[in-house]
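Summary of the model geometry
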Amino acid sequence: MNDLQYQIALTLLPGIGDISGKKFVQYCGSAEAIFKETRKSLEKISGLREASIDAICNPKEYLNRAEEEIGYIEKNGIQPLFFLDSEYPRRLLQCEDGPMMLYYKGKADLNANRVVAIVGTRNITDYGKENCNQLVEELKDDNVLIVSGLAYGVDTCAHTASVKNGIPTVGVMGCGMQQIYPDPNKKLASDMVEQGGGILTEYMSGTPPERENFPRRNRIIAGMADAVIVIQSALKGGSLI
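A few points on the structure.

Moving on, we get to the pattern of salt bridges. Going through the model one piece at a time under the given rule, you end up with 12 salt bridges. The partner of Arg-39 in a salt bridge is Asp-54, with the nearest N and O atoms 2.6 Å apart. Pair noted here: Arg-39 is in helix 4 (residues 39-42) and Asp-54 is in helix 5 (residues 50-57), with a separation of 15 residues, a long-range link. Under the relative-accessibility criterion, Arg-39 is labelled partly exposed at 29%. Asp-54 sits in the partly exposed class, given a relative accessible area of 32%. A salt bridge links Arg-65 to Glu-69; the nearest nitrogen and oxygen atoms lie 3.1 Å apart. Remark: Glu-69 and Arg-65 occur in helix 6 (residues 60-75); sequence separation between them is four residues, near one turn of the helix. Classification of Glu-69 as buried rests on a relative accessible area of 2%. Several salt bridges share partner residues, and in doing so they unite Asp-18, Asp-97, Glu-202, Arg-216 and Arg-219 into one network.

On to helix 5, then. Within helix 5, the full set of buried residues consists of Ser-52, Ile-53, Ala-55 and Ile-56. Seen from one end, helix 5 has its buried residues packed into an arc of 160°, which puts them on one side. In this fold, the buried residues of helix 5 make contact with helix 3 (31-36), helix 4 and helix 6.

What follows is about the nonpolar core. Leu-10 and Leu-200 are the most contacted members of the largest nonpolar core, which totals 63 residues. Ignoring any residue separated from it by four or fewer positions in sequence, one finds Leu-10 in contact with Ile-16, Gly-21, Val-25, Ala-31, Ile-34, Phe-35 and Met-100. Core analysis: the next-biggest nonpolar cluster, separate from the first, contains 14 residues, Ile-118, Ile-124, Leu-139 and Ile-146 among them.

What sets the pattern is the α-helix's 3.6 residues per turn: residues three or four places apart point alike. Look at helix 10 (residues 213-224): 17 Å from first C-alpha to last across 12 residues, which is about the 16 Å you get at 1.5 Å a residue. With nine of 12 residues buried, helix 10 lies mostly within the body of the structure. Within the sequence span of helix 10, burial applies to Asn-213, Phe-214, Arg-217, Asn-218, Arg-219, Ile-220, Ile-221, Gly-223 and Met-224.

With that out of the way, let us pick up the packing of aromatic side chains. Scanning the entire structure with this criterion turns up three aromatic pairs. Centroid distance Tyr-6 to Phe-35: 5.4 Å. Interplanar angle 45°. Geometry classified as tilted. Taken together, the residues span a long stretch of sequence, with Tyr-6 in helix 1 (residues 3-12) and Phe-35 in helix 3 at a distance of 29 residues. No difference in accessibility class separates Tyr-6 from Phe-35, as the two residues are buried. Here Phe-82 and Phe-83 contribute two aromatic rings whose centre-to-centre distance is 4.9 Å and whose plane-to-plane angle is 55°, an arrangement assigned as tilted. Assigned by exposure class, Phe-82 and Phe-83 land together as buried.

A separate point is the packing of helix 1 against helix 6. Running from amino to carboxyl end, helix 1 crosses helix 6 at an angle of 120°, the nearest separation of the two axes being 8 Å. Considering their axes alone, helix 1 and helix 6 lie oblique with respect to each other. Crossing of helix 1 over helix 6 shows right-handed handedness. The residues of helix 6 that touch helix 1, namely those facing Leu-4, Gln-5, Tyr-6, Ile-8, Ala-9 and Leu-12, are Tyr-62, Leu-63, Arg-65, Ala-66, Glu-67, Glu-69, Ile-70 and Ile-73. Here the residues of the contact of helix 1 with helix 6 are counted per class, giving 10 nonpolar, one polar and three charged.

Calculation notes
- Residues numbered from 1 in each chain as written.
- Predicted model: local features only at pLDDT ≥ 70, side-chain atom pairs only at ≥ 80, totals over all residues.
- Heavy atoms only, no water.
- Salt bridge = Lys/Arg side-chain N within 4 Å of Asp/Glu carboxyl O.
- Helix = DSSP H or I, 4+ residues; strand = E, 2+ residues; numbered from the N terminus.
- Buried < 20%, exposed > 50% of the residue type's maximum accessible area, 1.4 Å probe, protein only.
- Arc of directions from axis to C-beta.
- Contact = heavy atoms within 4.5 Å.
- Core = buried A, V, L, I, M, F, W, Y, C linked by side-chain atoms within 4.5 Å.
- Expected span 1.5 Å × (residues − 1).
- Phe/Tyr/Trp six-rings, centres within 6.5 Å; stacked < 30°, edge-to-face > 60°.
- Axes fitted to C-alpha atoms, helices over the stretch in contact; angles between N-to-C directions.
- Parallel < 35°, antiparallel > 145°, perpendicular 65-115°, else oblique.
- Left-handed = near helix turned anticlockwise from the far one by under 90°.
- Nonpolar A, V, L, I, M, F, W, Y, C, P; charged D, E, K, R; others polar.

Following this line, the structure appears as structure tokens:
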């Protein structure tokens, strides 16, 4: 059993989120070390709940699910990125609630020297498209990585313009890798990967694109980037989260 299996299993435990999970890993030394601790030792760790301790001491279902996920990512050419890995987006480490684990398919360097996020409304206007296309075109010689959310509207415009101008672009999804959402962006996502970009998610395979996932993924888009550009948004739009 390798450490990756323990790392994935850790993300499945009840009562342990990204903030507390990272703290426990740093306290114990590794994800595997958490599962090797005795109940008595676990009970001494501040903030570790009884339900979490029970799960750590009886981890079979979580380790089995993690093993399934490892099979899936190996079969589909997906790279797991634990927060301690060198290829994990280092800017995200400045975010307390950055994900413990990310799943990545692509060729772009997530730690590029310059990372710009371009986001906005799904209901982009012609004026918005013109501005988005012009902005991306002007960035083509600046050695940047462009990040967005692969959604309709501004996201699609930003990714499409990036591919057109030969700029690597990464889409951060609100679902597992088993599904490109929205469906019409399957070809775009494939082009992004093929042309040196990629797709990224914190969600394991089988996770559907549920409504609450998208505000959560926004913290990844913002946390990965040096600058976030909002092209257009309603006053209560998701881009303003």
